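Descriptive analysis of the structure
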Amino acid sequence: MNKPDLPVTSNFIRNIIDDDLAANKNDGRVVTRFPPEPNGYLHIGHVKSICLNFGIAAQYGGTCNLRFDDTNPVKENDEYVQAIKADVEWLGFKWDELRHASDYFDELYDFAVQLIKKGKAYVDSSSAEEVRAMRGSLTEPGTPSPYHNRSIEENLDLFARMKAGEFEDGEHILRAKIDMASGNINMRDPTLYRIRKVHHVRTGNDWSIYPMYDYTHCLSDAMENITHSLCTLEFEDHRPLYDWVLDELETPAHPQQIEFARLALEYTILSKRKLIQLVEEKHVDGWDDPRMPTITGIRRRGYTPAALSDFCERIGITKNDAWIEMAVLETCIRDNLNEHSPRRMAVIDPIKVVITDLDDDYTETLSFANHPQNEAFGRRDVVFSKVVMIDRDDFSENPPPKYQRLVPGGEVRLRGSYVIKCNEVIKNEAGDVVELHCTHDAATLGKKPEGRKVKGVIHWVSMSAGVKAEVRVYDRLFNVVNPAAAESLEAALNPDSKTVYTQCYVESALADAEPESRFQFERLGYYVADRYDHNKAHPVFNRTVTLRDTWAK
RNA sequence: UGGGCCGUCGCCAAGCGGUUAAGGCACCGGGUUUUGAUCCCGGCAUUCGGAGGUUCGAAUCCUCCCGGCCCAGCCA
């Protein structure tokens, strides 16, 4: 049951670091950072980056900072900052230092002044449209701005006045003076600063100009003495600019930017815009809906940090645009929960079973192992009585081939209890089965039945001793492998992604479960007591994932 | 016919000039089992996008070709 940990497979980033260490680059230090913009909730794609950055630091005895890339005050707020911190902590990672790009606004300004003094930056007073037109196209070079040769004195004066708030949004920008004919569009005199007369969560109204990502990120990395700045593939084209800024300025370090492929998960959407759409159009019940790929949603679904780390280790780090199958993620959570969660019995969609050859007030207390392979989980009492509930799926009047459950006239084992035989099927006016009358074989408690084989085993809950509960059964949110490519989100949605059962019966022990405690409901899957809605008076469980099923389908 | 990047089993992914081309997921058998779960055992790439070339030797080096991804925010 305890399988050895998967060997840590190498990847190109670990190889680079191994080489750096061998060459004693950075004095043998490894410092990384996880740099989210606080403009939304973190999702499983970020988990890949978090595990990479914090994981690399841990594996090499280094450190990892959490840095909020808060350079665009119009999109960012503190709610996201708090949520991101909570998510990273829940994943189990500890940042060395908590930083904000806004911590460096003064230094960043001074560096910009230096660039101007070197003749490497200038104030452009063109409109946004003019700048765009002059940038050229993918196949045509750009043309220099009429402000390209402004004097250093005038640039200094204008930039100081931009900072002082003398101009309105859009009147001027500060641009790097690089190469308007570069094949790499990022090098065609990129914008360094823009005027934004808006309140910033942390710096208030101190600034009326804000630095751009490309200018800020490399300098923040350098000031934090980051050794390896890991980011996703779309920033490959930005690396020459990252290096240009650090080469032009005297900084404490010149970190190495390395790019890796972002996560793509089948049947899932990870674009921030579309995630927002799901929430705003109420296709889900909020950012922490258990069907959401957000960390907070995945958490509420019942996933564990260990399963997510395992997932990241299994999918690896490369530059390939890979699509990961859901089965990989599901295997990770099943493995983790199989080993760590106690077993219980729960009936989601109940049918009443009356054991007719038992007295009306008959009860018997049975002892069940909490885990079939691990005695350390201990045992619990389960009450058996004359009337028990079984799941509707476990009875069939017209069974498919190889059906091993209860059928009219057939026998089945009630898990941990007796073998029963179905003698009578009671239906309502509509023809639905509402009750089964069975007899039990008293000689089968803890023993195989005499003279015959009973293969089926089904779970059950005593009607009198069990407690009512609500169970939310979740399935994938989308029906198509790549929902982002669908004509519309609506068209891709799985209409049956959430089914709520309110008349469930669970073992009485389950009512006392703490929120977020996880169980295997035997033969069904893994379930978690809802983080917010579960309580003793109203037990609520979410289905995390089903058990592997090699029979169905 | 602008620049950057990627192609190893159905899906991931090691491999870095000499290995029988790791491993995981999935799948297919078989065994154990009072969860159709778990666990165990076995199977699953004569071949590395294609074609040439270099070499005693190529998935690994070179050339060309084919396929895919990213970039024209005063977003990150």
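All values derive from a computational prediction rather than experimental measurement.

What follows covers unusual backbone geometry. Residues apart from glycine generally show negative phi values, whereas peptide bonds are mostly found in trans. Even without a glycine there, the phi angle at N225 is positive, about 55°. Take N225: it is sitting in the loop between α7 (213-223) and β8 (228-232). The phi angle at Y267 is positive, at roughly 65°, despite the residue not being glycine. Position of Y267 among the secondary structure elements: in the loop between β9 (256-260) and α9 (272-280).

Moving on: the protein's contact with RNA strand B. Neighbouring RNA strand B are 75 residues; S10, D237, R415, G446 and Q520 lie closest to it. Protein-adjacent atoms of RNA strand B, using a 4 Å cutoff, are sugar or phosphate at a proportion of 66%. Here a phosphate oxygen of RNA strand B and a side-chain polar atom of S10 are 2.5 Å apart. One of the side-chain nitrogen or oxygen atoms of D237 is found 2.6 Å away from a base nitrogen of RNA strand B. For the surface near RNA strand B, the elements supplying multiple residues, two or more each, are α5 (128-134), β6 (191-195), α11 (305-315) and α12 (326-340). Per-element accounting of the surface near RNA strand B gives the leading share, 4 residues, to α12. Tallied by class, the residues present in the surface near RNA strand B amount to 21 nonpolar, 28 polar and 26 charged.

Taken together, D106, E107, D110 and D206 make up a surface patch of like negative charges. Looking at the secondary structure, you find D106 in helix α4 (residues 105-117).

Counting residues in each nonpolar core, the largest one holds 38 residues, and the members touching the most others are I44, I50, V88, L308 and F311. Breaking this core down by element, the ones donating at least two residues are α2 (44-59), β2 (63-68), α3 (78-90), α10 (295-301), α11 and α12. No other element matches the 6 residues that α2 contributes to this core. Apart from the residues lying within four places of it in its own chain, the contact partners of L308 are I44, V47, W90, L91, I298, Y303 and L329.

In this model, α3 (13 residues) spans 18 Å end to end at C-alpha, consistent with the 18 Å of a helix rising 1.5 Å per residue. Those residues of α3 not exposed but buried are Y80, V81, A83, I84, D87, V88 and W90. Sitting at the head of α3, N77 places a side-chain oxygen 2.8 Å from the backbone nitrogen of E79. One or two steps after α3, the chain reaches G92, where phi turns positive at roughly 95°.

By domain assignment, chain A separates into domain 1 (12-99 + 215-330), domain 2 (105-213) and domain 3 (343-545). At the junction of the two partners, domain 1 supplies 24 residues and domain 2 supplies 29 residues. Buried surface at the junction of domain 1 and domain 2, both sides included, amounts to about 2,400 Å², of which 67% is carbon and sulfur. Interface area lost by domain 1 to domain 2 is led by P73, Y215 and W244, which between them contribute 30%. Applying the counting criterion to the domain 1 and domain 2 interface returns 2 salt bridges. When the shortest N-O distance is used, the salt bridge between K118 and E248 registers 2.8 Å. One can count 11 residue pairs in polar contact (both at pLDDT 80 or more) joining domain 1 with domain 2.

Remark: the centre distance and the inter-plane angle together describe each pair of aromatic rings, the angle taken between the planes. Scanning the entire structure with this criterion turns up 17 aromatic pairs. With centroids separated by 5.0 Å and ring planes inclined at 35°, the aromatic side chains of Y213 and F235 adopt a geometry described as tilted. Placement of the pair is Y213 in helix α7 and F235 in the loop between β8 and α8 (239-248), with a sequence separation of 22 residues. Seen from their ring centres, F384 and Y418 are 5.4 Å apart, and the 45° between their planes marks the pair as tilted.

Moving on, we come to the sheet that holds strand β20 (residues 461-462). If you trace the 7 strands from one edge of the open sheet to the other, you get β19-β16-β17-β18-β12-β15-β20, paired in mixed fashion. This sheet does not close on itself; its edge strands, each paired only once, are β19 (457-458) and β20. The sheet contact formed by strand β16 (residues 411-414) and strand β17 (residues 419-427) spans 3 bridges and is antiparallel. Its bridge partner being in β17, R413 is matched across the sheet by V419.

Attention shifts here to the state of the cysteines. With the rule as written, the count across this model stands at 0 disulfides. C51 carries a free sulfur, and the closest cysteine sulfur to it, the one in C312, is 3.7 Å from it. Owing to a relative accessible area of 13%, C51 belongs among the buried residues under this scheme.

Here we come to the pattern of salt bridges. Oppositely charged side chains can pair when the atoms bearing their charge come close. Taken as a whole and assessed by the stated rule, the structure comprises 41 salt bridges. The closest approach of N and O atoms between R67 and E224, which form a salt bridge, is 3.1 Å. With a gap of 157 residues between them, R67 in strand β2 and E224 in the loop between α7 and β8 connect regions that are remote in the sequence. According to the relative accessible area criterion, R67 is buried, its value standing at 0%. Ionic pairing is found between R452 and D441, a salt bridge with its closest N-O pair at 2.8 Å. Of this pair, R452 sits in the loop between β18 (433-441) and β19 while D441 sits in strand β18, placing them 11 residues apart in sequence. The structure contains a network of salt bridges with shared partners spanning D288, R300, E470, R472, D530 and D533.

Criteria and cut-off values
- Residues numbered from 1 in each chain as written.
- Chains lettered and ligands numbered in written order.
- Predicted model: local features only at pLDDT ≥ 70, side-chain atom pairs only at ≥ 80, totals over all residues.
- Heavy atoms only, no water.
- Helix = DSSP H or I, 4+ residues; strand = E, 2+ residues; numbered from the N terminus.
- Near = heavy atom within 4 Å.
- Polar contact = N/O pair within 3.5 Å; in protein donor to acceptor, adjacent residues only side chain to side chain.
- Nonpolar A, V, L, I, M, F, W, Y, C, P; charged D, E, K, R; others polar.
- Patch = residues over 30% accessible without salt bridge, like charges linked within 9 Å, V, L, I, M, F, W, Y side chains within 5 Å.
- Areas by Shrake-Rupley, 256 points an atom, 1.4 Å probe, with all protein chains shown as cover.
- Salt bridge = Lys/Arg side-chain N within 4 Å of Asp/Glu carboxyl O.
- Lys, Arg positive; Asp, Glu negative; His and termini not counted.
- Charge placed at Lys NZ, Arg CZ, Asp CG, Glu CD.
- Core = buried A, V, L, I, M, F, W, Y, C linked by side-chain atoms within 4.5 Å.
- Buried < 20%, exposed > 50% of the residue type's maximum accessible area, 1.4 Å probe, protein only.
- Contact = heavy atoms within 4.5 Å.
- Expected span 1.5 Å × (residues − 1).
- Domains from an automatic or database assignment.
- Buried area = accessible area lost by both parts, 1.4 Å probe.
- Phe/Tyr/Trp six-rings, centres within 6.5 Å; stacked < 30°, edge-to-face > 60°.
- Pairing = 2+ DSSP bridges.
- Disulfide = S-S within 2.5 Å.

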